[in-house]
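Summary of the model geometry
Residues per chain, in single letters:
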Amino acid sequence: MTNNIFIIGGARPNFMKIAPLINEFKQQKIKFKFIHTGQHYDYNMSKIFLDNLGIPKPDYFLNVGSGTHALQTAKIMIEFDKVIITEKPRLVIVVGDVNSTIACALVAKKRSIEVAHIEAGLRSFDFKMPEEINRRLTDQISDYLFITERSGLQNLQKEGIDSSKIFFVGNVMIDNLINNIEEARKNNYFRNLGLLNGSYGIVTIHRPSNVDDKKDLEKVIEILNYIQSKIKIVFPIHPRTRKSLIKYNLEKELNKPNIVITEPLGYLEFLNLIINSKFILTDSGGIQEEASYLKIPILTLRNNTERPVTIEEGTNTLLGNDILKLKKHLGEILSDTYKKGKLIEMWDGKASQRITNIIIDKVLKN
Ligand code: UD1
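If you're wondering where the values come from, they're calculated on a predicted model, not measured in any experiment.

**A word on helix α12 (residues 267-275)**
Counting buried positions over the 9 residues of α12 gives 8, a clear majority of the element. Restricting attention to buried positions, one finds in α12 the residues Tyr267, Leu268, Phe270, Leu271, Asn272, Leu273, Ile274 and Ile275.

Right, here's the structure in full:
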């Protein structure tokens, strides 16, 4: 067994979570290897984030690509197992809830290697979401569970996880936001799109429950149509959503002067758009947290969230796909009467530091 630590990244929402940890490891001179599974592979779903966030070139690129859940998960497992056999790492760190997270955790644990899960304990209680299955299973086999909000503690305890394995450390994605906000302020990307500060909303939609079926996607389009009748929107389109729009011949429905379509954006461009926006409409998980931290109103096109603190303390409201709720809350946002949000406990930019100190103490000193 070496003292080497593996950090796993594979899909877009992983990169902003591993970047601050990698920074901290470098500062504290902790040896690590970065394994990129290749779950996401397009330039603007992967490499642009590595470049924006100063993440080093992967030590191993597993090149698994897209496929069914079974195929993608299995491919990651087979390829990652080969690396584990060669390198025999001391600890494998996984983040979030994507297929790369569960696949790598499972392989490591079966080779008797300890697993740390960053962003553990979040629960939507919705087993139709692939992410909910990934989270629960990863938590069950992890040795160190780093949680971002208090709800995680109750969820994990109810599932029988020993409290000694659970650490409330805060939110690495907020660390990353804090580390990059000055740079993002400077790039003025929103002006390149011809937008004025506070005069537009941002839309990000990619969940299978909103885009895979024609009826659901038509409902999303109805919602966007209503919003664009009130205020300009910018819509960076995720590859899954683009595929569905083409499949159902719905692309033309978005051809409106008040809808600005872009390719998926890099981290710094997107953050610049967020900080200058009036509000966000999303079905993403992480953006609910980023918007809440920044106190930007956010309406979530889902019936549930695994991040309840963003509703209770932050600026998030769940809409489902209910157009009446949308009208009510958009009205509040546009008249500046929408809830303002509070500071969220432990979201202070120091989560990566806390995680690193715990790893030094519990893993590297033993
Ligand atoms: C995955 C995660 C989801 C996360 C999302 C962020 C799982 C189960 N889902 O969903 O939690 O919110 O990433 O993006 O892990 N594609 C490309 N280029 C790419 C990657 C994907 O064109 O670089 C296309 C492929 O056609 C693919 C589709 O997008 O079939 C979906 O990609 P996939 O990785 O299966 O899931 P996401 O929807 O991206």
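**Digging into the nonpolar core**
Membership of the largest hydrophobic core comes to 61 residues, with the highest contact counts inside it found for Phe25, Ile55, Ile93, Phe146, Leu273 and Ile359. Structurally, this core is a two-domain feature, drawing no fewer than three residues from each of domain 1 (5-170 + 350-364) and domain 2 (179-334). Apart from residues no more than four positions distant in its own chain, isoleucine 93 is found in contact with Ile5, Phe6, Ile7, Ile8, Leu21, Phe25, Ala116, Ile118 and Ile359.

**What to know about the domain arrangement of the chain**
Taken as a whole, the chain is organised into domain 1 (5-170 + 350-364) and domain 2 (179-334). The distance between the C-alpha centroids of domain 1 and domain 2 comes to 26 Å. Counting from both sides, the interface comprises 23 residues of domain 1 and, opposite them, 19 residues of domain 2. Summing both sides of the interface, domain 1 and domain 2 together bury roughly 1700 Å²; the carbon and sulfur share of this comes to 53%. Broken down residue by residue, the surface that domain 1 buries against domain 2 is led by Asn44, Asn52 and Glu149, which jointly contribute 26%. On inspection of domain 1 and its partner domain 2, the count reaches 3 salt bridges. Ionic pairing is found between arginine 135 and glutamate 306, a salt bridge with its closest N-O pair at 3.4 Å. Elements represented by at least two residues in the side of domain 1 that touches domain 2 include exactly α1 (12-27), α2 (47-53) and α5 (130-141). Its residues assigned to classes, the side of domain 1 that touches domain 2 comprises 8 nonpolar, 6 polar and 9 charged.

**Digging into the packing of helix α7 (residues 172-187) against helix α13 (residues 286-294)**
Close contact between α7 and α13 brings their axes to 10 Å; oriented N to C, the two are set at 55 degrees. With respect to their mutual orientation, α7 and α13 come out oblique. Crossing of α7 over α13 shows right-handed handedness. Contacts between α7 and α13 involve Met173, Ile174, Leu177, Ile178 and Ile181 on the former and, on the latter, Gly286, Glu289, Glu290, Tyr293 and Leu294. Along the lines of polarity and charge, the residues of the contact of α7 with α13 split into 7 nonpolar, 1 polar and 2 charged.

**Re the site of the ligand**
The immediate surroundings of the ligand are formed by 19 residues, with Gln39, His40, Asp42, Glu131 and Arg240 found nearest. The contact in question runs from an oxygen atom of the ligand to an N or O atom on the side chain of glutamate 131, over 2.5 Å. For the ligand, an oxygen atom lies 2.8 Å from a polar atom in the side chain of histidine 238. Burial of the ligand by the protein amounts to 89% of the accessible area it has alone, namely 750 Å². Listing elements by their share of the shell around the ligand, those giving two or more residues are α3 (69-87), α5 and α11 (239-247). At 3 residues, the largest contribution of residues to the shell around the ligand is made by α11. Of the residues that make up the shell around the ligand, three or more belong to each of domain 1 (5-170 + 350-364) and domain 2 (179-334).

Thresholds, definitions, all that
- Residues numbered from 1 in each chain as written.
- Predicted model: local features only at pLDDT ≥ 70, side-chain atom pairs only at ≥ 80, totals over all residues.
- Heavy atoms only, no water.
- Buried < 20%, exposed > 50% of the residue type's maximum accessible area, 1.4 Å probe, protein only.
- Helix = DSSP H or I, 4+ residues; strand = E, 2+ residues; numbered from the N terminus.
- Core = buried A, V, L, I, M, F, W, Y, C linked by side-chain atoms within 4.5 Å.
- Domains from an automatic or database assignment.
- Contact = heavy atoms within 4.5 Å.
- Buried area = accessible area lost by both parts, 1.4 Å probe.
- Salt bridge = Lys/Arg side-chain N within 4 Å of Asp/Glu carboxyl O.
- Nonpolar A, V, L, I, M, F, W, Y, C, P; charged D, E, K, R; others polar.
- Axes fitted to C-alpha atoms, helices over the stretch in contact; angles between N-to-C directions.
- Parallel < 35°, antiparallel > 145°, perpendicular 65-115°, else oblique.
- Left-handed = near helix turned anticlockwise from the far one by under 90°.
- Near = heavy atom within 4 Å.
- Polar contact = N/O pair within 3.5 Å; in protein donor to acceptor, adjacent residues only side chain to side chain.
- Areas by Shrake-Rupley, 256 points an atom, 1.4 Å probe, with all protein chains shown as cover.

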